[in-house]
Amino acid sequence: MTAVTATAPAASHGWWTSRFGQLTGTGWRLLAGLGLSRLGFVVVPFAAYWLANDRNLNPGQVTLVMTAFGAGWMLGVPTGGAMADRIGRKNTIITANTLSAGAFLLLGAAPTLIWLCVAAAVAGLTFDLARPAVQALLTDSTDPESRPKVLALLYWVMNLSRAASCIIGGLLAGNDFRLLFAANAVLNLAFAVMVAIGVTDATSPAPQRGRAPWRQVLTDRPMAAFTAVTLMFLTIHSQSMVTLPIVMDQAGIPPTWYGVILAADPIAVVVAQLLLQRLLATLPASKVCAAGIAAVGIGLPITALGETATWFIATTPLWVAGEVMFLAVAPGIVAGLAPPHLRGAYFGTWGTTLGAAALAGPALATVLLSLGGSTLLWGTCMTGAAAAALICLRSNPVPARDPAQERQ
């Protein structure tokens, strides 16, 4: 029996299917549940504001707490991947969302700086703990032809939820920040309940208890190369949140304009993906990813040349399009590289790049700006993007797996 026959595909129209493939009932419920839980993302973008204003921490202390969150985040994704393969996709999603609900409540109640750091690390650990299991279960329950499109839809749903959460978070934070922590807990628990009641992982391989998957993942050369490429891409892309605010401040642009760009980014991603997705689905994945890397590597420095809000807003689509090109296609590459019984580990290893880039991006900017100013920073970003795009093209991380590997 193949890994995609246990759940009948839900009916889909041609317009939708051409962009996002055939979704099973399990797939629809996973996407709806994750989209719902991601509305709880409201805590993360407003955390620094809360720490500075409600908890009266100085900038150094705020940075310390947020670094603890980032370190936990970097460890949480591979941990979730290992759990997905060892205790099952469904069990991992339920456990991860329950733990995340409790962790963010703990963060909101932490009384001292030390406890804030501990709670932030735990919250970061659980923040994306479920994502590899969701990606693996979506892959397990979807036919091979539709997998890249369905994983692209997951990226679209997460950005739609992120855009909504920024708006909702602004409204809630203006009244009582504790509402954000409560909302996060309720939404995560709702996802856990939805999965417990309405999702099956009968299409997934049996849990692989007692095995150590990391050696196989790390010695898979195409996977290792693509993980390195992703880390380079995300580190460069992180300059949109690390360095662009500095550039805009030096140009005399009010912080409110950066806030407009920050809030508009996920909306732009949602719109751009709807416009580009059908085309992206027909092109070679490695070439799309390479083009996305190049667009970000060129687009960000172009945006940084600006001195007016109009320039910043007008050039932002250059690198937003690159973000969509890479991140809408990349999960499909990982799904194709991963053996069925190690999909959690593969997605978890690849997902580690998110937290690693969140730590590496600010460090890179600090060092390069101090050594050679913005010229060195943006020149390095362009050079790094060119190198990453070339590695992506040369390694061509698109497998030709034996169909027998799809059978359990």
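None of the values given here were measured: they were computed from a predicted structure.

**Digging into the packing of helix H5 (residues 89-109) against helix H7 (residues 131-140)**
- Closest axis-to-axis distance for the H5/H7 pair is 9 Å, and the angle between their directions is 150°. Taken together, the axes of H5 and H7 lie roughly antiparallel to each other. In terms of crossing hand, the pair formed by H5 and H7 is left-handed. Facing Arg89, Thr92 and Ile93 of H5, the residues of H7 in contact are Ala133, Val134, Ala136, Leu137 and Asp140.
- Of the residues assigned to the contact of H5 with H7, the class counts are five nonpolar, one polar and two charged.

**Comments concerning the packing of aromatic side chains**
- In the structure shown here, the tally under the stated rule is six aromatic pairs.
- Centroid distance Phe226 to Phe326: 5.9 Å. Interplanar angle 20°. Geometry classified as stacked. Linking Phe226 in helix H11 (residues 221-237) with Phe326 in helix H16 (residues 309-327), this pair joins segments that are 100 residues apart in sequence. Taken individually, Phe226 and Phe326 each receive the classification buried, so the pair is uniform in this respect.
- An angle of 20° between the planes, with centres 4.2 Å apart, marks the rings of Phe233 and Phe326 as stacked. With Phe233 in helix H11 and Phe326 in helix H16, this residue pair connects regions lying 93 residues apart in the sequence. Here Phe233 matches Phe326 in class, with each residue buried.
- Taken together through their ring pairs, the aromatic side chains of Phe69, Trp73, Phe104 and Phe127 make up a single cluster.
- Here Arg38 stacks its cationic end above the ring of Phe127, 4.7 Å away from the centre of that ring.

**Observations concerning a nonpolar patch on the surface**
- A cluster of nonpolar side chains, Ile114, Trp115, Val118 and Val122, forms an exposed patch at the surface whose accessible area comes to about 390 Å².
- By the element assignment, Val118 lies in helix H6 (residues 113-127).
- A residue is classified by how much of its surface remains accessible, and Val118, at 38% relative accessible area, is partly exposed.

Rules behind the numbers
Residues numbered from 1 in each chain as written. Predicted model: local features only at pLDDT ≥ 70, side-chain atom pairs only at ≥ 80, totals over all residues. Heavy atoms only, no water. Axes fitted to C-alpha atoms, helices over the stretch in contact; angles between N-to-C directions. Helix = DSSP H or I, 4+ residues; strand = E, 2+ residues; numbered from the N terminus. Parallel < 35°, antiparallel > 145°, perpendicular 65-115°, else oblique. Left-handed = near helix turned anticlockwise from the far one by under 90°. Contact = heavy atoms within 4.5 Å. Nonpolar A, V, L, I, M, F, W, Y, C, P; charged D, E, K, R; others polar. Phe/Tyr/Trp six-rings, centres within 6.5 Å; stacked < 30°, edge-to-face > 60°. Buried < 20%, exposed > 50% of the residue type's maximum accessible area, 1.4 Å probe, protein only. Lys NZ or Arg CZ within 6 Å of the ring centre and 35° of its normal. Patch = residues over 30% accessible without salt bridge, like charges linked within 9 Å, V, L, I, M, F, W, Y side chains within 5 Å. Areas by Shrake-Rupley, 256 points an atom, 1.4 Å probe, with all protein chains shown as cover. Salt bridge = Lys/Arg side-chain N within 4 Å of Asp/Glu carboxyl O.

By themselves, these observations are geometric and do not establish any function.
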